[in-house]
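Overview (structure and organization)
Each chain, written out:
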Amino acid sequence: MGFKANIEKFSTLSPQEYATLLEAFAPYMDDAVVDIVKRLDASTGSVNMARYYFLVGPAKLHNSASFARCHIVEVEQQHLFLK
């Protein structure tokens, strides 16, 4: 189970980038992280900021009931400006 390949909208992550994001965000998810992809050419509000989609749900999908628990969490890079 994972995101469908779509080279116009999503990019797969290097193993290192995937592991870094998983380690950073998995503790904040309400279930297991099943997959992560990087969104390409996001909206104008996200220019020059990375945006990731996390597929969250049961670690192992067994039936339609467990599939129904899956959802997407969007994580967007934020910039911190200090004066």
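Residues numbered from 1 in each chain as written. Predicted model: local features only at pLDDT ≥ 70, side-chain atom pairs only at ≥ 80, totals over all residues. Heavy atoms only, no water.

**Points about the side chain of R51**
- Relative to the helices and strands, R51 is located in strand β3 (residues 51-57).
- Note on R51: relative accessible area 11%, which makes it buried. (Helix = DSSP H or I, 4+ residues; strand = E, 2+ residues; numbered from the N terminus. Buried < 20%, exposed > 50% of the residue type's maximum accessible area, 1.4 Å probe, protein only.)

**Let's talk about the environment of I36**
- Considering the arrangement of structural elements, one finds I36 in strand β2 (residues 32-39).
- Using a relative accessible area of 2% as the deciding quantity, one classes I36 as buried.
- Separated by 15 residues in the primary sequence, I36 and L21 have C-alpha atoms spaced 8.3 Å apart.
- Not counting the four nearest positions on each side in its chain, I36 is found in contact with F3, L13, Y18, L21, L22, Y52, Y53 and F54. (Contact = heavy atoms within 4.5 Å.)

**Section: the nonpolar core**
- Membership of the largest hydrophobic core is limited to 10 residues, which are L13, L21, M29, V33, I36, A50, Y52, F54, V56 and V75.
- Counting residues per element, the ones that place at least two in this core are β2 and β3.
- The element contributing the most residues to this core is β3, with 3 residues.
- Beyond its immediate sequence surroundings of up to four residues, L13 is in contact with Y18, L21, I36, K38 and Y52. (Core = buried A, V, L, I, M, F, W, Y, C linked by side-chain atoms within 4.5 Å.)

**Comments concerning the sheet that holds strand β1 (residues 10-11)**
- The sheet built from 4 strands is open, its strands ordered β1-β2-β3-β4 with antiparallel pairing. Since the sheet does not close on itself, it has two edges, and those belong to β1 and β4 (71-76), each with one partner.
- Sheet topology places β2 next to β3; 7 bridges connect them, and they run antiparallel. Opposite D35, over in β3, you have L55 as the bridge partner. (Pairing = 2+ DSSP bridges.)

**Focus on the packing of aromatic side chains**
- All told, the structure shown has 3 aromatic pairs when counted by the stated rule.
- For the pair F3 and F10, a centre-to-centre distance of 6.0 Å together with 35 degrees between the ring planes defines the contact as tilted.
- Aromatic side chains F10 and Y53 sit 5.8 Å apart centroid to centroid with 65 degrees between the ring planes, which places their arrangement in the edge-to-face category. Separated by 43 residues along the polypeptide, F10 in strand β1 and Y53 in strand β3 bring together distant segments of the chain. (Phe/Tyr/Trp six-rings, centres within 6.5 Å; stacked < 30°, edge-to-face > 60°.)

**Considerations on the side chain of D35**
- Along the chain, the position of D35 falls in strand β2.
- The charged side chain of D35 is buried without a salt bridge, its nearest counter-charge being K4 at 13 Å.
- A distance of 2.8 Å separates a polar atom in the side chain of D35 from the backbone nitrogen of F3. (Lys, Arg positive; Asp, Glu negative; His and termini not counted. Salt bridge = Lys/Arg side-chain N within 4 Å of Asp/Glu carboxyl O. Polar contact = N/O pair within 3.5 Å; in protein donor to acceptor, adjacent residues only side chain to side chain.)

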